[in-house]
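Coordinate inspection notes
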Amino acid sequence: MGEPKNEIFMEILDGIVENPYIGIIMVDTEGNINKVNKTYLEILGLTEEDVIDKHVLDITPHSRLPEVLKTKEVHLADHWPVNNHDTIVFRMPLYKDGKLIGAMGQSLVLDAAGVKILSKKLRELEGELAVYKDVVNSIYRSKNSFDNIVGEDTRLQAVKSIAERAAYTGSTILLRGESGTGKDLFANAIHKASPRADQPFIRVNCAALPDQLLESELFGYEEGAFTGARKGGKPGKFELANRGTIFLDEIGDMPMTMQSKLLIVLQEREVERVGGTKPIAVDVQVIAASNRPLEDMIKKGKFREDLYYRLNVVSLEVPPLRERAQDIGLLANYLVPKLNQRLHSSVESISPEAIHLLCNYDWPGNVRELENLLERAMNLADLNQQKTLNPEHFPSLSRLVTPPTVEVAVTDHLGDAVEQVEMETIRRVLAKTNNNKAKAAKILGLNKSVLYRKLYKYGLISKSDLDRVEI
Ligand SMILES: Nc1ncnc2c1ncn2[C@@H]1O[C@H](COP(=O)(O)OP(=O)(O)O)[C@@H](O)[C@H]1O
Ligand SMILES: [Mg+2]
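Note that the structure is predicted; figures quoted are calculated from it, not measured.

Some details on the environment of asparagine 435
The topology assignment puts asparagine 435 in the loop between helix H18 (414-432) and helix H19 (437-444). As a C-alpha pair, asparagine 435 and glutamine 157 span 278 residues in sequence and 23 Å in three-dimensional space. With near-sequence residues (within four places) excluded, asparagine 435 lies in contact with Glu178, Pro364, Gly365, Asn366, Glu369 and Leu430.

Some thoughts on the sheet that holds strand S10 (residues 245-249)
Across the sheet, which stays open at both edges, the 5 strands sit in the order S7-S10-S13-S6-S14 with parallel pairing between neighbours. At either margin of the open sheet sits one strand with a lone partner, and together these are strand S7 (201-205) and strand S14 (314-317). Taking the axes of each pair of neighbouring strands and ignoring which way they run, one obtains an average angle of 20 degrees across the sheet. In this sheet, strand S13 (residues 285-290) lies alongside strand S6 (residues 173-176) in parallel orientation, the contact comprising 4 bridges. Within the sheet, the bridge partner assigned to leucine 175 lies in S13 and is alanine 289. With respect to the sheet, helix H7 (residues 154-169) is in contact with S6, S13 and S14, its orientation differing from that of S14 by roughly 150 degrees.

Points about the side chain of lysine 437
Mapping lysine 437 onto the fold places it in helix H19. Relative accessible area serves as the criterion here: at 12%, lysine 437 is assigned to the buried category. Among all residues touching lysine 437, those that are not within four sequence positions of it are Glu369, Leu430, Leu451, Tyr452, Leu455 and Ile461.

Observations regarding the sheet that holds strand S1 (residues 22-28)
Sheet architecture is open: 5 strands sit in the order S2-S1-S5-S4-S3, paired in antiparallel fashion. Two strands bound the open sheet, and with one partner strand each, they are strand S2 (33-36) and strand S3 (75-82). Across the sheet, the mean angle separating the axes of adjacent strands is 25 degrees when strand polarity is ignored. Both S3 and strand S4 (residues 85-96) contribute to a ladder of 6 bridges, which runs antiparallel. Note on S4: the bridge partner recorded for histidine 79 is isoleucine 88.

Quick word on the site of ligand 1
Neighbouring ligand 1 are 19 residues, the closest being Val150, Gly180, Lys183, Asp184 and Glu371. Separating an oxygen atom of ligand 1 from a backbone N or O atom of leucine 185 is a distance of 3.0 Å. Expressed as a share of its isolated accessible area of 560 Å², the protein-covered part of ligand 1 is 94%. At the level of secondary structure, the elements contributing two or more residues to the shell around ligand 1 comprise helix H8 (183-193), helix H14 (328-343) and helix H16 (367-383). In terms of residue class, the shell around ligand 1 is made up of 6 nonpolar, 5 polar and 8 charged. Each of domain 2 (142-319) and domain 3 (323-470) gives at least three residues to the shell around ligand 1.

Some points on a negative patch on the surface
Judged by side-chain charge, Glu7, Glu11, Asp14, Glu18, Glu48, Glu49 and Asp50 come together as a negatively charged surface patch. Inspection of the secondary structure puts glutamate 18 in the loop between helix H1 (3-17) and S1. Looking at glutamate 18, the relative accessible area reads 32%, which means it is partly exposed.

Calculation criteria
Residues numbered from 1 in each chain as written. Chains lettered and ligands numbered in written order. Predicted model: local features only at pLDDT ≥ 70, side-chain atom pairs only at ≥ 80, totals over all residues. Heavy atoms only, no water. Helix = DSSP H or I, 4+ residues; strand = E, 2+ residues; numbered from the N terminus. Contact = heavy atoms within 4.5 Å. Pairing = 2+ DSSP bridges. Axes fitted to C-alpha atoms, helices over the stretch in contact; angles between N-to-C directions. Buried < 20%, exposed > 50% of the residue type's maximum accessible area, 1.4 Å probe, protein only. Near = heavy atom within 4 Å. Polar contact = N/O pair within 3.5 Å; in protein donor to acceptor, adjacent residues only side chain to side chain. Areas by Shrake-Rupley, 256 points an atom, 1.4 Å probe, with all protein chains shown as cover. Nonpolar A, V, L, I, M, F, W, Y, C, P; charged D, E, K, R; others polar. Domains from an automatic or database assignment. Patch = residues over 30% accessible without salt bridge, like charges linked within 9 Å, V, L, I, M, F, W, Y side chains within 5 Å. Salt bridge = Lys/Arg side-chain N within 4 Å of Asp/Glu carboxyl O. Lys, Arg positive; Asp, Glu negative; His and termini not counted. Charge placed at Lys NZ, Arg CZ, Asp CG, Glu CD.

Shown next as structure tokens:
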């Protein structure tokens, strides 16, 4: 390396050493400090003169660098408090020409600036993860078809056969049913069974986005439509779904202004991008879904009656699980191997005794809750490498099936007893409100997010359900 290049290299190295996020300290083979960067000095609250050439144990009496010098071991990511600062420390011996010349410690500071940077990174990663989850979900789900909608209940069978016919005719469909009954599953199956199966299936969650975002999400926008608009504009979901199916989920949560705009699109079968001037023709099958009481909402002026009729060409009501309890066994037998594929657990099946337990449980939830419960049980069984789910893997249910009178005597531990009563009460109120969590929260006198956290704790919802609510 020539001299100027070497200088540049040294400057870069200096830049790396002098950064505000990582404290760096180096000692010689005796343990005397020969280099400290500004960040580390700040952590110590000392100046360079205070520390250079001093023994590291005189400056930080608990330092483990002498140990590194002795053992020549590398310490990776040690959580270490330095002078009341939380840090993550890496320690390593330093060699030159194969000879030990000292040791170095790098401390990632976990407060103020450090935390800000880390949490920003985390948020970015979580955002990315959510996108990938959606993609994975859509790939995974597009494999579903009517065969994967399990149940012998006559009402469910009737809904399936009407759905199959509507898939064929391409009529607009309105799916109704409580959360977790299988509306998404139906929408996917309809698309798969339709002549549009090779074309896109695009799902839009109308509840997830605020008004203006929903509009550009659905209809797209032109370049320069607003500050931050992407160069070249962006197609909306309707355009993306062209020749395929658009699934408007949670339609009952769509704001009124958007309902009017959607109605026009459904009538004209063309969309206009935000900031655009010319309409774009779209050929899509529309499936909408909601768990809200749309008829009541119309009376209260919260949902447009004309939109309702435009959507409700074919009306499908998916029955809740408690009204088809005889399907619980079938579902459990179907879901365990399916979950096993995803979880790579040891569990391959579920015993008749466990199914009996599930069937005798006064069910407040739907298939999603059943799935969550099975997943928890499988994790438990997997810990002992068991192949079959047994009643013991459903500790929350075994306790619930005991009479709902307040049997605090079951346990003498006060905390456990309180939890039992709490879980029992929540379960009862959920059953009373048809699993309407907002209503249940009100009756229970709980904040909705507190209720969700408790539901998660007792295995009645999954982590992702919880996260969705907490965002
Ligand atoms: N009849 C069914 N057979 C098999 N799995 C089902 C059935 N109904 C629902 N599920 C599963 O339960 C979960 C929740 O269903 P989903 O379609 O998301 O409900 P919704 O959209 O009504 O909230 C999904 O994992 C789905 O695959
Ligand atoms: Mg859904």
